[in-house]
Amino acid sequence: MAVTQPLEYLSQAQIDKFYRDGYLVVPGFLSHEQTSSLLLRAKELLDEFTPEDHPLTKFTTSDKDHIGDNYFLNSGDKIRYFLDEDAVDSSGKLTRDKAKAVNKIGHALHELDPVFRNVTLENDRLKALARDLRFHHDPVALQSMVIFKQSRTGGAVPEHNDSTFLYTSPPSALGFWIALEQCTHTNGALSFFPGSHLTTPITKRLVRLPEGGTGFEQLATPPPSSDISEKIRENASEGVSEGSYVLETCEPGDLVLIHGSVLHKSERNTSAHTRFAYTFHMIESSPYAEYDGKNWLQPTDAMPFSRILDVPNEITLSTAVH
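Because the structure is a prediction, the values reported are computed rather than measured.

Reading the values: rules and limits
- Residues numbered from 1 in each chain as written.
- Predicted model: local features only at pLDDT ≥ 70, side-chain atom pairs only at ≥ 80, totals over all residues.
- Heavy atoms only, no water.
- Helix = DSSP H or I, 4+ residues; strand = E, 2+ residues; numbered from the N terminus.
- Buried < 20%, exposed > 50% of the residue type's maximum accessible area, 1.4 Å probe, protein only.
- Phe/Tyr/Trp six-rings, centres within 6.5 Å; stacked < 30°, edge-to-face > 60°.
- Lys NZ or Arg CZ within 6 Å of the ring centre and 35° of its normal.
- Pairing = 2+ DSSP bridges.
- Salt bridge = Lys/Arg side-chain N within 4 Å of Asp/Glu carboxyl O.

**Describing the environment of Y71**
And then number 1: In this structure, Y71 sits in helix α3 (residues 70–73).
And then number 2: Assessed through its relative accessible area of 16%, Y71 is described here as buried.
And then number 3: With 17 residues separating them in the primary sequence, Y71 and H54 have C-alpha atoms 9.1 Å apart.

What follows is the structure in structure tokens.
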């Protein structure tokens, strides 16, 4: 895959691997100081959580019972707390200490919190990576989260792709997942199905329902995109058997780039160690892609989605099955 502009941060081998596999681990993307600052701030936010004035909104990845109350739907320009599914009993009380009950904090950390904003919207290394990867013409950041996979209780996240939850036409979601702690085989490190972004179309999307809440809308499945070169298709099939997942362990500060169409998951944390991570997403902006009013997360006049690049990429390399 030829690149005509000088590379600033990524190597050509890394770029090729991302487009072949649908994800890429970038070791040491954040410094030790940056990672420690994020982890400290995440723990401070946990300490600031007050269950007494919280609607006890739980986070779930289930298709049948996806989160959809107003606390969630209006969180795009706020910093809000979402609990593990089993952290609240039938009487509405926490089943464990508040610091171990939170599943994630989101969705505007990158906008509102200076520590998280610094590594997201004000990060020159991130901008260089976006220019090298050329996944988008003019990317915007639309959500951010700290995910707390708690020791012993952090639940599994089933197989999914991110464009289902952050849908554009054509699909353009790109995830940035940064380990704040060591991610291992036993505490819920991410697993990926390499090459699945080239073979697995987006078949549904999470939408706001007219009657309130959220649900999944089925999408028509077109034939594979014609812009995927034969070379990329061949690379995707090398060494990858159907249905095989690869578990990727990470050190603190490592970044995992996640194509919006690649299948990935994580298992339950069965260890004595927490697995905290910071993640945010970018999408393509108009006129290159449409992000419509059906999406659960909506920009506001006071907080539109922030652009990442000062000058858009003229050419992109993005490929996927739409």
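Structure shown, so let's carry the discussion forward.
**Section: the packing of aromatic side chains**
And then number 1: In total, this model carries 15 aromatic pairs according to the counting rule given.
And then number 2: When the centroid spacing of 4.8 Å and the interplanar angle of 50° are considered together, the rings of F116 and Y278 count as tilted. Taken together, the positions of F116 in helix α6 (residues 114–120) and Y278 in strand β13 (residues 275–284) put the pair 162 residues apart, joining distant regions of the chain. Comparing F116 with Y278 shows no difference in burial state: the two are buried.
And then number 3: Cluster of aromatic residues (ring-pair linked, three or more members): Y71, F72, F82 and W296.
And then number 4: Directly above the ring of Y245 sits K265, whose terminal nitrogen or CZ lies 4.3 Å from the centroid.

**A word on the pairing of strand β8 (residues 204–208)**
Two faces, one strand: in a regular strand the side chains alternate between the faces of the sheet.
And then number 1: Counting buried residues in β8 gives four out of five residues, a clear majority hidden from the surface.
And then number 2: Sheet analysis places β8 next to strand β9 (residues 214–218), joined by five bridges and oriented antiparallel. When the bridges of β9 are listed, L206 appears paired with F216.
And then number 3: Connecting the antiparallel pair β8 and β9 is a turn made up of five residues, with G212 showing a positive phi of about 110°.

**Topic: the pattern of salt bridges**
Where charged atoms of side chains with opposite charge meet at close range, the side chains can pair.
And then number 1: Enumeration according to the criterion identifies 14 salt bridges in this entry.
And then number 2: In this structure, E48 engages R41 in a salt bridge whose closest nitrogen and oxygen atoms are separated by 3.2 Å.
And then number 3: For R41, a relative accessible area of 17% translates into the label buried.
And then number 4: One salt bridge in this structure joins E217 and K294, with 3.0 Å as the shortest N-O distance. Here E217, found in strand β9, pairs with K294, found in the loop between β13 and β14 (306–307); they are 77 residues apart in sequence, far enough to count as distant.
And then number 5: Classification of K294 as partly exposed rests on a relative accessible area of 39%.
And then number 6: Taken together, the shared-partner salt bridges connect R41, E44, E48 and D113 into one network.

**Thoughts on helix α1 (residues 12–21)**
And then number 1: Of all the positions in α1, only I15, F18, Y19 and D21 are classed as buried.
And then number 2: G22 sits one or two positions beyond α1 and adopts a positive phi of about 90°.

**Things to note about unusual backbone geometry**
And then number 1: The omega torsion of the bond from G106 to H107 falls at 15°, within 30 degrees of zero and hence cis.
And then number 2: Along the chain, H107 falls in strand β3 (residues 102–107).
And then number 3: Across the junction of S169 and P170, the peptide omega takes the value -5°, indicating a cis bond.
And then number 4: Summarising the element assignment, P170 is placed in the loop between β5 (157–160) and β6 (174–179).
And then number 5: Although it is not a glycine, R134 adopts a positive phi angle of roughly 50°.
And then number 6: Along the polypeptide, R134 turns up in the loop between α7 (124–133) and β4 (139–149).
And then number 7: A positive phi angle is found at R152, which is not glycine, with a value near 70°.
And then number 8: The residue R152 is located in the loop between β4 and β5 in this model.

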